[in-house]
Amino acid sequence: MKEYITKIGSGDLAVDDTLLTKGVETTAGSKILSGFVPLFSAEAVERAVKAGYTVSGKTNVGEFGLDLVGEFSNYNDGDEVLRGAAAELIAKGEVKGALEVDLNGAPRRAATLSGTDFIKPTYGTVSRYGIIPCACSGEQVGAAAANAAETKKLLAAVAGHDGKDGTSLPAEAYDYSCGKEPAGMKAGIITQLFELASEETKAVIKGYAEKLKALGVSVEEVSVEEIAAAQSAWQILMAAETCNNVSRYDGVKFGYRTPNYKNIDELYIGSRTEGMNLLTKTTVLYGSDVLSKGRYFTCYDKALKVRRVVAERFGELFKTYDLLLAPACGKTEYKKYDITRAFETVYGESVFTAVPNLIGIPAMVTKGVQLMAGHFEEKTLFKIAESAEGTDK
Amino acid sequence: MEKTKLDGLLSLNELQLSEDETASVLGAFEFMEGQEKIMDGINTENVEVMVHVMPMENVLREDVREQPFTREALLEGAPEHTEDSWQVPRLVK
Amino acid sequence: MKYEIVIGLETHVELNTRSKIFCACGGHSSHGEPNDCVCPACCGMPGMLPVTNKRVVELAVMAGLMLNCEINRYTTFDKKSYYYPDLPCAYQVTQWFHPICTNGLVEVQTKNGTAKIGIKQIHMEEDAGKLVHDDWSDTTLVDFNRTSVPLIEIVSRPDFRSAEEVLAYLEKLKAMFRFANISECEEGAMRCDVNISIRPEGSTELGVRTEIKNMSSLSSIERAIKYETARHMDAIERQTEVLVQETRRWDDIKGKTFSMRNKETAADYRYFPDPNIMPIVIDDEWLEKIKADMPASPEEKAAEYRALGVSDKEIELLISKRNLCDLFDELLMKGCNVQDIVSWILTECAGVLRKKGQVLDELSIPAEKLARIIAMTASNEVTRGAGRKILVAVLDDDVDPDKFCEENNLAAQGDESLINDVVKKVIEENPGAVNDYLGGKTKAFQALFGGCMKQLRGNGDPAIIRAQLENELAKLS
């Protein structure tokens, strides 16, 4: 049976286990971090608490947040139908909101499957101080809740400049409540992603598009040829940065140490081999390879250039479209699968989520649909999501 | 991806794989080889790398010293330590 | 056939900052207690993010300017990955793609003349921790105090042709960096990797190169170069072994180099740009500000002092240490006379320190207090001897000169009638000296003057004593 949460108190906020909580074991779902008790809390957690939230507990994540929705964690052996821990707790009404780190789309997928809301904001708006780092150039702390208004409230509580994070943007706070009315807006459905999705998922997207039309938003399909290259580029950057960041877990300073070693090499190899799962290992090895001497320029450097091309392309798109629509998952339900297939499986699904990580734009999942907008256009996403929710009533 | 190259990567990353896992990883590498080729479709001639998606510069701090953490607290979670140091098997005989 | 040695140096210099390069911990290589200058970032714990210390950038630019480098206006940090227990994150943040300084030149003097040493680049990076091998527990102890201490690495071109040139270069860097407060350059705070190869004289191709890692004492560097040169020569001329390109370790006790056949030397460091650190852009305004803040070089200082009339010998002493120049300059600003400054620093202060078993380098005195002592003696408020007593008290106990003078009754006696009585008494008691003086032996005046001063317990106003003594003696002639 899946353990969704390790309780701390009787609060209304779940914090995913990639965010440090002072005095409470934090493992990012990995055995290698078992017993690691942080000496400080993540800035986002501190800010949420200051804004009046109380922490209910730490929600289970897949090791380093690399899997689909948390299926490969040291806490569980996986249910038949996969669900994300924080999203499920929100769906069941056990917590009001959750803070989750989005490095490769897991919280967006989880929100889609559980029918809840999640927003990964513009890169640099929420401090990354106190998160267990993996893919530093594209990961962000995001906010999850049952509806757009609660999601907006939680994000507003945690966003804003933090001098402890060198990539934190200068704005002290963000006003997310001043989005324009939807009528007259233009939305594009990304053809390449729509076509990849299952029929049920397509139906969800179409249904949402109808709601938008009812609100006076014009909706059309838009072809974005760079999508597959963006997916490949993010995989390369994410894997390389993850490799580099998890290299610090070696059994020397904290966390798990293998009991079987006679010298430093055995200590390193034993601790890391026993402490991390196959998905993490594959990611580490691939990430190491793309940085190696013969491969750096054709692979890593190329991916950094593709990132610029994609960023410019989306910059152009957002001159025409106020928002873009796409699925965040290829299907409406994931079934349990074997970890030996995890790398390709997660890669396959990351096509839907990669662009916002790659180029730092905000992406929100609401009612099973992913909405994307230009940098700092969270207010547009919230306005759309709230208005579309309103049409249900 | 040859096995010898994978061995090099395993050594660089202080990891080991079982036979099944090796097959899985080699499969992943082969799969990614095809995926990387998709990037060839993007013309990146004269394109600068983009390391930071939200460009800023000179994010610097003043040279001020602070010491909010104690050695005892930092050592507490160490798998093996003395009163003042982390401890590993002896490196040089 | 004649051969020549070709040497290139990678010199790591610990920068003189209050805090580390990416976190606010203090800590330097010479720090005492293990792990008392560490934070979660220093010991590899996840969560903290690097924020670059501005002072590190400024000191690196200063070093670059001193070594005649081009300062790159756009500079970035990169990550270098390898495993070793002294590297807590298994990566080091350094500069690979866009180092801060490039293309410099240093001239060094040896007995064979001037050698021009090209500087390929200077880059900023963080230091690694320290390992102590403990016999008692048969373990290695890890100390992260030095982790993330800021370094610059100065990469020379292979322009050295002898060990003498290497030593002259390192001595020069040390003197420059110490003088400019860029680095203390203490033992261990300046470390070298020496790349060495041998080739037939006149050849433009390089021979097989070996790298000797991580040496900090000049004598080790000299011995290692000589040993390695001989080993290469033997291999080339007498085929004692086949040279391979490799990294070697100098064993100071055995006096030999040994091959390091570990994983680290074969590693692929997998450099990539650090996503957590934004680029640093040095615009004209900032560069000019750094230049303006840059202390004058020893040469510039010497020229300045020469123009003030200070002798070459005195200049040499003054420019040996930055703090003496700073003290000199401050005293000058406070209106002290140049000759007074020179004599109070180089004679009086040096004398007091010598008695305490210290050297002038160690002089530490608040400029305003020394300025006050100089002013008091210059205006005859106190005698030179009393001034010296005050100096001792200031150096020992940091007393206030005026208060100390008052409490110890050191003010010069300026009471003319009292001095007149004393002068008359001394003349009466020393007929021999008086006769000598009157007979033309002017030296005898000094003895009589000294007698008066002694009667006044050293506190007589010397100008008044002199005037009255001359006056009374004139009456007798």
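Residues numbered from 1 in each chain as written. Chains lettered and ligands numbered in written order. Predicted model: local features only at pLDDT ≥ 70, side-chain atom pairs only at ≥ 80, totals over all residues.

### A word on the overall build of chain B
Basically, it comes down to this: Under the DSSP-based scheme used, a helix requires at least four consecutive residues in state H or I and a strand at least two consecutive residues in state E, with every element numbered from the N terminus. Atoms counted for the radius of gyration: C-alpha only. Globule rule: 2.2 Å times the number of residues to the power 0.38. Any residue with 12 or fewer other C-beta atoms within 10 Å of its own C-beta is exposed, any with 20 or more is buried, and the rest are partly exposed; the C-beta atoms used are placed from the backbone.
Within chain B, the secondary structure is distributed over three helices and two strands. The order of α-helices and β-strands along chain B, N terminus first, is α-α-β-α-β. Taken over the C-alpha trace, chain B has a radius of gyration of 23 Å; the compact-globule value for 93 residues is 12 Å, which it surpasses by more than 25%. With the C-alpha coordinates aligned to their principal axes, the bounding extent of chain B is approximately 55 × 45 × 25 Å. By residue count, 25% of the 93 residues in chain B fall in the buried class.

### A word on unusual backbone geometry
Residues and elements named next belong to chain C. Unlike most non-glycine residues, Asp 138 shows phi in positive territory, near 55°. If you trace the backbone, Asp 138 turns up in the loop between strand S9 (130–134) and strand S10 (139–143). We note that Asn 214 has phi near 55°; this positive angle belongs to a residue other than glycine. Position of Asn 214 among the secondary structure elements: in strand S13 (residues 210–215).

### Some points on the confidence of the model for chain B
Residues and elements named next belong to chain B. To keep things clear, this is the line we draw: Note: pLDDT gives the predictor's confidence per residue, expressed from 0 to 100.
The share of residues in chain B with pLDDT of 70 or more is 98%, and the mean pLDDT across the chain is 94. Across chain B, the secondary-structure element scoring lowest on mean pLDDT is helix H1 (residues 3–12), at 92, and the one scoring highest is strand S1 (residues 60–61), at 97. Predicted complex, confidence summary: ipTM 0.96, pTM 0.88.

### Considerations on the pairing of strand S6 (residues 140–145) of chain A
Residues and elements named next belong to chain A. Using the following cut-off: Only strands that DSSP links by at least two bridges are regarded as paired with each other.
Counted residue by residue, S6 has six buried out of six residues, so it is predominantly covered. A two-sided burial pattern is seen for S6, the buried positions comprising Gln 140, Gly 142 and Ala 144 on one face and Val 141, Ala 143 and Ala 145 on the other. Judged from the six bridges that link them, strand S4 (residues 97–102) and S6 form a sheet pairing that is antiparallel. Within S6, the residue paired with Glu 100 across the bridge is Gly 142. Sheet topology places strand S5 (residues 117–120) next to S6; three bridges connect them, and they run antiparallel. If you follow Asp 117 over to S6, its bridge partner there is Ala 145.

### Description of the interface of chain C and chain B
Counted only if it meets this: For the purpose of contact definition, each residue receives a C-beta atom placed from its backbone, and two residues are in contact when these atoms lie within 7 Å. In this count, Pro and Cys sit with the nonpolar residues alongside Ala, Val, Leu, Ile, Met, Phe, Trp and Tyr, while Asp, Glu, Lys and Arg are called charged and the others, Gly among them, polar.
Each partner contributes residues to the interface: chain C has 39 residues there, and chain B has 30 residues. Those elements that provide at least two residues to the side of chain C that touches chain B are strand S2 (52–53), helix H1 (54–66), S9, S10 and strand S17 (280–281) of chain C. For the side of chain C that touches chain B, the residue count by class is 21 nonpolar, nine polar and nine charged. Looking at chain direction, strand S2 (residues 86–89) of chain B and S10 of chain C are connected through four bridges and run antiparallel. Each bridged residue has a counterpart across the sheet, and for Trp 86 of chain B the counterpart in S10 of chain C is Val 142 of chain C.

### Concerning the interface of chain B and chain A
Often the size quoted for an interface is simply the accessible area lost on bringing the parts together. At the junction of the two partners, chain B supplies 40 residues and chain A supplies 56 residues. Sorting the residues of the side of chain B that touches chain A by element identifies H1, helix H2 (19–37) and S2 of chain B as the ones contributing at least two each. When the residues that make up the side of chain B that touches chain A are grouped by side-chain class, the tally is 27 nonpolar, eight polar and five charged.

### Some words on the sheet that holds strand S1 (residues 3–14) of chain C
All names here are of chain C. To keep it simple, the criterion reads: Here, axes are lines fitted to C-alpha atoms. For helices the fit covers the stretch in contact, and angles between N-to-C directions go from 0 to 180 degrees.
Pairing is mixed in the open sheet, where nine strands are placed in the order S3-S7-S8-S11-S1-S12-S13-S14-S15. Only two strands of the sheet have a single partner each, and these edge strands are strand S3 (70–71) and strand S15 (256–259). Strand contacts of helix H3 (residues 218–238): S1, strand S12 (190–200), S13, strand S14 (246–251) and S15, with the helix running at about 25° to S12, the strand carrying the most contacts.

### Considerations on H2 of chain B
Note the threshold: Each residue after the first adds 1.5 Å to the expected span of a helix. Read the arc as the range of directions from the helix axis to the C-beta atoms.
In a regular helix each residue adds 1.5 Å, so 19 residues correspond to 27 Å; H2 of chain B covers 28 Å between its end C-alpha atoms and thus fits that length. Among all positions in H2 of chain B, only Ser 24, Val 25, Ala 28, Met 32 and Glu 36 of chain B are buried. Down the axis of H2 of chain B, the buried set is contained in an arc of 110°. They therefore lie on one face. In H2 of chain B, the exposed residues that point more than 90 degrees away from the buried face are Glu 19, Asp 20, Ala 23, Glu 30, Glu 33, Gly 34 and Lys 37 of chain B. Residues of H2 of chain B that are buried sit in contact with helix H7 (227–246), helix H9 (278–290), helix H10 (296–320) and helix H11 (342–350) of chain A together with H1 of chain B.

### Describing the packing of helix H2 (residues 163–179) of chain C against H3 of chain C
How two helices pack is summed up by the angle between their axes together with the distance between the axes. Residues and elements named next belong to chain C. Convention followed: Each angle is binned into one of four classes, with values under 35 degrees roughly parallel, values over 145 roughly antiparallel, values of 65 to 115 roughly perpendicular, and all other values oblique. In this scheme, a crossing is called left-handed if the near helix is turned counterclockwise away from the far one by less than a right angle; it is called right-handed if the turn is clockwise.
In contact at an axis separation of 10 Å, H2 and H3 are set at 160° when each is read in the N-to-C sense. If you check the angle between H2 and H3, you find them roughly antiparallel. Both H2 and H3 take part in a crossing whose hand is right-handed. Contacts between H2 and H3 involve Ala 163, Val 166, Leu 167 and Leu 170 from the first element and Leu 218, Ile 221, Glu 222, Ile 225 and Lys 226 from the second. Broken down by class, the residue content of the contact of H2 with H3 amounts to seven nonpolar, no polar and two charged.

### Side note on the environment of Ser 41 of chain A
Residue and element names in this part refer to chain A. For Ser 41, the position within the fold is in the loop between strand S2 (13–16) and helix H1 (43–50). Between the alpha carbons of Ser 41 and Leu 103 there is a distance of 19 Å; along the sequence they are 62 residues apart. Apart from residues no more than four positions distant in its own chain, Ser 41 is found in contact with Leu 20, Thr 21, Lys 22, Glu 46 and Gly 130.

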